[in-house]
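Listed below, chain by chain, are the residues.
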Amino acid sequence: MAEENEEVKTFKDLGLAESLVEACEKLGWKTPLKIQAEAIPLALGGKDVIGLAQTGSGKTGAFALPILHALLDAPRPKDFFACVLSPTRELAIQIAEQFEALGSEIGVKCAVLVGGIDMVQQTIKIAKQPHIIVGTPGRVLDHLKHTKGFSFSRLKYLVLDEADRLLNEDFEESLNEILQMIPRERRTFLFSATMTKKVQKLQRVCLRNPVKIEASSKYSTVDTLKQQYRFLPAKHKDCYLVYILTEMAGSTSMVFTRTCDATRLLALILRNLGLKAIPINGHMSQSKRLGALNKFKSGECNILLCTDVASRGLDIPTVDMVINYDIPTNSKDYIHRVGRTARAGRSGVAISLVNQYELEWYIQIEKLIGKKLPEYPSQEEEVLLLEERVSEAKRLATTKMKETGGKKKRRGEEDNDGEDIDKYLGLKDGKSSKKFRRR
Ligand code: AMP
């Protein structure tokens, strides 16, 4: 396929309506990205499409543009025309934002149906007869069952985004129920970063003669990404983290940890050292997550400490560096994490801090990406000059965590404890953000 697209195409060449071409220009999208150049003509030609694409490849545009093109041509009524199912609330919100930005010229209406947000507000949105529904499977199903007047009986397009993650045990049942409620006569687009057995099964059930396209080879990482590792003893990790972040001062970074508590502790340590860090993790309430994300997006904080919950989907276009503070035990998570940088042709750095216990996992990662990575060059003596300051910052952070945030949450419980620590971490309610107040 790539050979056929050797000439640089424009959005107009792909056959999109003039108003959509203009919308792309307004967003600064000069030429289609590879996945868009391949998927859009197929989708406009009425094909079901499977896209193997990572976050950052431009996959949202690849499905949103043909849907909007079809919406323009569709006879009335046009409500509940397309549904996009996504595994996370943040991703759903970002997808809806892209639909709204691309469809601004044609007055597209979207509703975001995700958990953690008032059902009544969403019901009001549904009553306005939106064209596009974007949501997480559980909440979409809830509305399909309980909200009067809401049905997918006329649905024309279904998108399963990050299908591999949609098929985890939390969603599988809801997803299957939703599929029963959708007309057979429809187009389906399935996007997934990885092709698991479950995704293949879903593809067989859900898609008709689909065309498969790949934004990049299965587990490869992009060429503009500089990847490095550093072997170090566990006790020196914090020091190295601070060293790297200071060396790259002024850049935007995402630091990945294994646990939610670690995001908070590290954010406190870094803040104690005067760095602008903010945590985001699955234990935080939805509004706090959005608040944290906004602070990062607006540049108020340039370091985001996160768990893998945040490793996919979030539309953060300007990450210069990804640091794997903890090495992921599942190597595919590595691909998703580093996919946060070096996006849309830009350059980026990914550094993995590997301690004596994580070697095995790191070796698996190198196997998966099919290359041996170079070592992050630094003089240990120079790094350890920071040791005293980092230890003191850690001591203060640990005391603060014990004082304020020590209460363990039960599963599914939102974080109403530890308010003090949240204030200290600069975590405010996402609702106060202008950008998100609209929905
Ligand atoms: P996605 O993979 O859909 O999350 O998109 C990743 C980022 O690329 C988003 O910030 C988009 O706004 C941006 N993007 C998508 N398509 C293009 C394009 N054709 N040119 C430049 N940027 C794009």
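Just so we're clear, the structure is a prediction, and the values are computed from it rather than from any experiment. Numbering of residues starts from 1 in each chain and follows the order in which that chain's sequence is written. Restriction of local features to residues with pLDDT of at least 70 applies here, the model being predicted, together with a cutoff of 80 or more for giving and counting side-chain atom pairs; totals for whole chains, interfaces and linings are based on all residues. Calculated side-chain values reflect all of the structure's heavy atoms, with hydrogen atoms and water omitted.

Participant: Help me out: how do you make sense of the UniProt feature "domain: DEAD-box RNA helicase Q" (unreviewed entry) in the protein in this one?
Facilitator: UniProt positions are given in the numbering used here, feature names are shortened, and annotations may be inferred rather than shown by experiment. Under the feature "domain: DEAD-box RNA helicase Q" (unreviewed entry), the UniProt entry names residues 9–37. Counted over residues 9–37, helix gives 45% and strand 0%. Its end C-alpha atoms are 7 Å apart. The numbering of helices and of strands both runs from the N terminus, where a helix is a DSSP run of H or I of at least 4 residues and a strand a run of E of at least 2.

Participant: Explain the pairing of strand β2 (residues 82–85) to me, please; I cannot follow it from the model alone.
Facilitator: On a regular strand, one side chain projects to one face of the sheet and the next to the other, so that they alternate. Across the two faces of β2 the burial is the same, with Ala82 and Val84 and Cys83 and Leu85 all buried. Note: β2 against strand β4 (residues 132–135), 4 bridges, orientation parallel. Counterpart to Cys83 in the pairing with β4 is Ile133. Note on pairing: two strands pair once DSSP finds at least 2 bridges between them. Where β2 and strand β5 (residues 157–160) come together, 4 bridges link them in parallel fashion. Per-residue accessibility, obtained with a 1.4 Å probe over protein chains only, is compared with the maximum for each type, and a residue is labelled buried under 20%, exposed over 50%, and partly exposed between these values.

Participant: How do you make sense of the environment of Arg395 when you look at a structure like this?
Facilitator: Inspection of the secondary structure assignment puts Arg395 in helix α16 (residues 387–404). Expressed as a C-alpha distance, the spacing of Arg395 and Ile269, which sit 126 residues apart in the sequence, is 8.5 Å.

Participant: Could you clarify how one ought to interpret the sheet that holds strand β6 (residues 187–192) in this entry?
Facilitator: As a general point, the strands of a sheet are linked pairwise by backbone hydrogen bonds and lie either parallel or antiparallel. One open sheet accounts for 7 strands, arranged β3-β4-β2-β5-β6-β1-β7; its pairing is parallel. Of all the strands in the sheet, the pair left with one neighbour each is β3 (110–113) and β7 (211–214). This sheet shows a mean twist of 15° between the axes of neighbouring strands, independent of strand direction. We call two residues contacting when some pair of their heavy atoms lies within 4.5 Å. In this description, a line fitted to the C-alpha atoms serves as the axis of each element, helices being fitted only across the stretch in contact, and the angle between N-to-C directions of two axes falls anywhere from 0 to 180 degrees. Running over the sheet, helix α9 (residues 197–206) touches β1 (49–52), β5 and β6 and is turned about 175° from β6.

Participant: Sorry if this is basic, but what is going on with the confidence of the model for the protein here?
Facilitator: Interpreting fine coordinate detail is not advised for predicted regions of low pLDDT. pLDDT expresses how confident the predictor is about each individual residue, on a scale running from 0 to 100. Put simply, the protein has an average pLDDT of 87, and 87% of its residues get 70 or more. Segment residues 1–6 is flagged for pLDDT under 50; beyond a separation of four residues in sequence, or across chains, it makes 6 contacts in the model. Contacts from residues 412–417, a stretch scored under 50 in pLDDT, to residues over four places away or in other chains number 13 contacts.

Participant: Which parts of the structure should I look at to understand the nonpolar core?
Facilitator: Note that soluble globular proteins tend to have their nonpolar side chains buried in a common cluster. With 61 residues, the main nonpolar core has Leu241, Leu245, Leu270 and Leu353 as its most contacted residues. The element contributing the most residues to this core is helix α10 (residues 237–247), with 7 residues. As used here, the term nonpolar core means buried Ala, Val, Leu, Ile, Met, Phe, Trp, Tyr and Cys residues forming a set that is joined through side-chain atoms within 4.5 Å.

Participant: What is the right way to look at the packing of aromatic side chains in this model?
Facilitator: Centres within 6.5 Å are what make two rings of Phe, Tyr or Trp a pair, Trp counting through its six-membered ring; a difference in plane orientation under 30 degrees is then read as stacked, over 60 as edge-to-face, and the rest as tilted. Enumeration according to the criterion identifies 10 aromatic pairs in this entry. Between Phe63 and Phe99, the aromatic rings sit 6.3 Å apart at their centres with planes inclined by 45°, giving tilted as the arrangement. With a gap of 36 residues between them, Phe63 in helix α3 (residues 59–73) and Phe99 in helix α4 (residues 89–102) connect regions that are remote in the sequence. Of the residues examined, Phe63 reaches a relative accessible area of 0% and is grouped as buried. A network of ring pairs unites the aromatic residues Phe63, Phe99 and Phe191 as a single cluster.

Participant: Sorry if this is basic, but what is going on with a nonpolar patch on the surface here?
Facilitator: Residues enter a patch when their relative accessible area is above 30% and they make no salt bridge; the linking distance is 9 Å between like charges and 5 Å between nonpolar side chains (Val, Leu, Ile, Met, Phe, Trp, Tyr). Here, Shrake-Rupley sampling with a 1.4 Å probe gives the accessible areas, and only protein chains in the shown set may cover a residue. The salt bridge definition used is simple: a Lys or Arg side-chain nitrogen within 4 Å of an Asp or Glu carboxyl oxygen. Taken together, Phe231, Leu359 and Ile363 make up a surface patch of nonpolar side chains, about 230 Å² in accessible area. By the secondary structure assignment, Ile363 is in helix α14 (residues 359–369). Overall, the relative accessible area of 36% leaves Ile363 in the partly exposed class.

Participant: Which parts of the structure should I look at to understand the side chain of Glu366?
Facilitator: You can see Glu366 is positioned in helix α14. A relative accessible area of 9% means that Glu366 is categorised as buried. There is a polar contact of 2.8 Å between the side chain of Glu366 and the side chain of Tyr362. Of the polar contacts made by the side chain of Glu366, one reaches the backbone nitrogen of Leu373; its length is 3.0 Å. Glu366 has contacts with Lys371, Lys372 and Leu373, leaving out every residue within four places of it along the chain. In the analysis that follows, any N or O atom pair within 3.5 Å is treated as a polar contact, provided that within protein one partner can donate a hydrogen and the other can accept it, and provided that, for residues neighboring in sequence, both atoms belong to side chains.

Participant: Got a minute to help me understand the packing of α10 against α16 in this structure?
Facilitator: For any two helices packed against each other, one specifies the crossing angle of their axes together with the interaxial distance. Where α10 contacts α16, the axes come no closer than 9 Å and their chain directions differ by 110°. In terms of orientation, α10 and α16 fall into the roughly perpendicular class. Touching Asp238, Cys239 and Val242 of α10 are Glu387, Val390 and Lys394, all from α16. By the convention adopted, Pro, Cys, Tyr, Trp, Phe, Met, Ile, Leu, Val and Ala count as nonpolar, Lys, Arg, Asp and Glu as charged, and the other residues, Gly among them, as polar. A class-by-class count of the residues in the contact of α10 with α16 yields 3 nonpolar, no polar and 3 charged. Here is the rule for angles: anything less than 35 degrees is roughly parallel, anything more than 145 is roughly antiparallel, 65 through 115 is roughly perpendicular, and the remaining ranges are oblique.

Participant: Teacher, can you tell me more about the packing of helix α13 (residues 331–338) against α14 here?
Facilitator: Viewed as axis vectors pointing N to C, α13 and α14 meet at an angle of 70°, and their least axial separation amounts to 8 Å. Comparing their axes, α14 and α13 come out roughly perpendicular. Seen along the crossing, α13 lies across α14 with a hand that is right-handed. Residues Ser331, Lys332, Tyr334 and Ile335 of α13 lie in contact with α14, whose contacting residues are Gln364, Ile365, Leu368 and Ile369. Of the residues assigned to the contact of α13 with α14, the class counts are 5 nonpolar, 2 polar and 1 charged. By the definition used in this description, the sense in which the near helix is turned from the far one sets the handedness, with an anticlockwise turn below a right angle giving left-handed and a clockwise turn giving right-handed.

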